[in-house]
Amino acid sequence: MSHLIIPPGFKFYKTLIAETAVRHGLNVPTVAAIVWKESSFNTDAFRYEPDFWNRYLKPNPKYRHLNPRRVSSSYGLMQVMYCRVLEDKITDNDAWDPELLFIPVNGLDIGCAFYLELVQWAQTKTQDPAMVRLAALASYNGGRGGNDPSKDSPLRNGTYAREVLARRVVMEKEYGEP
């Protein structure tokens, strides 16, 4: 994919992406490639996921009283699903408005925390570093189901992971590191 052109928003977030990735112990070009794939470096990126609402959240009493468009949506640079924040990152469900994920430092911090969890999970499934990376990326996009490298081949979201890795090659040149 040598035809990839870095979106102009990259220059605004290059340093913050690097700082956040390093703070979480993650590979900087990989995090930048996720941001590129997920939002094209647009901190205001938003995607409502009605199928996710209907399949997973609507039947759950915890979400029935909430606005589907707010809780079943991805926000910000790393397109964090707000319901993941509710489930995994805060104890009081009313403590965080989803729009706070539009703030670059918030979206990057939580997105990196989720990605790190997936890397650690993938490391329990395979010792192959390339497969760990592929499985963690695939799971970042589509959850762990169907993306377990110890039993799923091909990975359900493997195409997404390979697209991120193609962007990573470009980001390696920008950051001067593999």
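A quick note: this is a predicted structure, and the numbers were derived from the prediction, not measured.

A. Representation of helix 7 (residues 129-142) in the model. With 14 residues, helix 7 should cover 20 Å at 1.5 Å per step; its first-to-last C-alpha distance of 20 Å lies within 8% of that length. If you check which residues of helix 7 are buried, you get Val132, Leu134, Ala135, Ala136, Leu137, Ala138, Ser139 and Tyr140. Of the surrounding elements, those touching the buried residues of helix 7 are helix 2 (28-39), strand 3 (80-81), helix 6 (104-123) and helix 8 (158-175). Two or three places before alanine 130, at the start of helix 7, stands the capping residue aspartate 128, its side-chain oxygen 3.1 Å from that residue's backbone nitrogen. Glycine 143 lies just past helix 7 and shows a positive phi near 80°.

B. Expanded view of the nonpolar core. Among the nonpolar cores identified, the biggest contains 52 residues, and Ile17, Met78, Tyr140 and Met171 are the most heavily contacted of them. Sorting the residues of this core by element identifies helix 1 (10-23), helix 2, helix 3 (50-57), strand 3, helix 5 (82-89), helix 6, helix 7 and helix 8 as the ones contributing at least two each. For this core, the element with the most residues is helix 6, which contributes 9 residues. Ignoring sequence-local partners within four residues, the contact set of methionine 78 consists of Val31, Ile34, Val35, Glu38, Gly107, Leu108, Gly111, Cys112 and Tyr140.

C. Layout of the packing of aromatic side chains. Overall, the coordinates contain 9 aromatic pairs when judged by the stated rule. Seen in terms of ring centroids, phenylalanine 10 and phenylalanine 41 are 5.1 Å apart; in terms of plane orientation they differ by 65°. Their pairing is edge-to-face. On the criterion of sequence distance, the pair formed by phenylalanine 10 in helix 1 and phenylalanine 41 in the loop between helix 2 and strand 1 (46-48) is long-range, its members being 31 residues apart. Like phenylalanine 10, the residue phenylalanine 41 is buried in the burial classification. Aromatic side chains phenylalanine 10 and tyrosine 175 sit 5.8 Å apart centroid to centroid with 85° between the ring planes, which places their arrangement in the edge-to-face category. With phenylalanine 10 in helix 1 and tyrosine 175 in helix 8, the pair connects residues that are 165 residues apart, well separated along the chain. Here a set of aromatic residues connected by ring pairs shows up, and it is made of Phe10, Trp36, Phe41 and Tyr175. The ring of tyrosine 175 has lysine 14 lying over it, and the distance from NZ or CZ to the ring centre is 5.6 Å. Stacked on the ring of tryptophan 36, the Lys or Arg arginine 167 has its end atom at 5.5 Å from the ring centre.

Definitions and cut-offs
- The numbers attached to residues start from 1 for each chain and follow its sequence in the written order.
- Reporting in this predicted model follows two pLDDT cut-offs: at least 70 for local features of residues, and 80 or more for side-chain atom pairs to be given and counted; totals over whole chains, interfaces and linings ignore these cut-offs and use all residues.
- For side-chain calculations, the full set of non-hydrogen atoms in the structure is used, while hydrogens and water are omitted.
- Under the DSSP-based scheme used, a helix requires at least four consecutive residues in state H or I and a strand at least two consecutive residues in state E, with every element numbered from the N terminus.
- Helix span, as expected, comes to 1.5 Å for every residue beyond the first.
- Accessible area is worked out with a 1.4 Å probe on protein chains only. A residue is then buried under 20% of its type maximum, exposed over 50%, and partly exposed in between.
- Contact between two residues is taken to exist if any of their heavy atoms lie within 4.5 Å; hydrogens are not considered.
- Between N or O atoms, a polar contact is any pair within 3.5 Å; within protein, one atom must be a potential hydrogen donor and the other a potential acceptor, and residues adjacent in sequence are included only when both atoms are from side chains.
- Nonpolar cores were defined as sets of buried Ala, Val, Leu, Ile, Met, Phe, Trp, Tyr and Cys residues, with membership established by side-chain atoms within 4.5 Å.
- Only the six-membered ring of Trp is used, alongside the rings of Phe and Tyr, when aromatic pairs are assigned; centres must lie within 6.5 Å, and planes under 30 degrees apart are stacked while those over 60 apart are edge-to-face, with the rest tilted.
- To sit over a ring, a charge needs its Lys NZ or Arg CZ within 6 Å of the ring centre and within 35 degrees of the ring normal.

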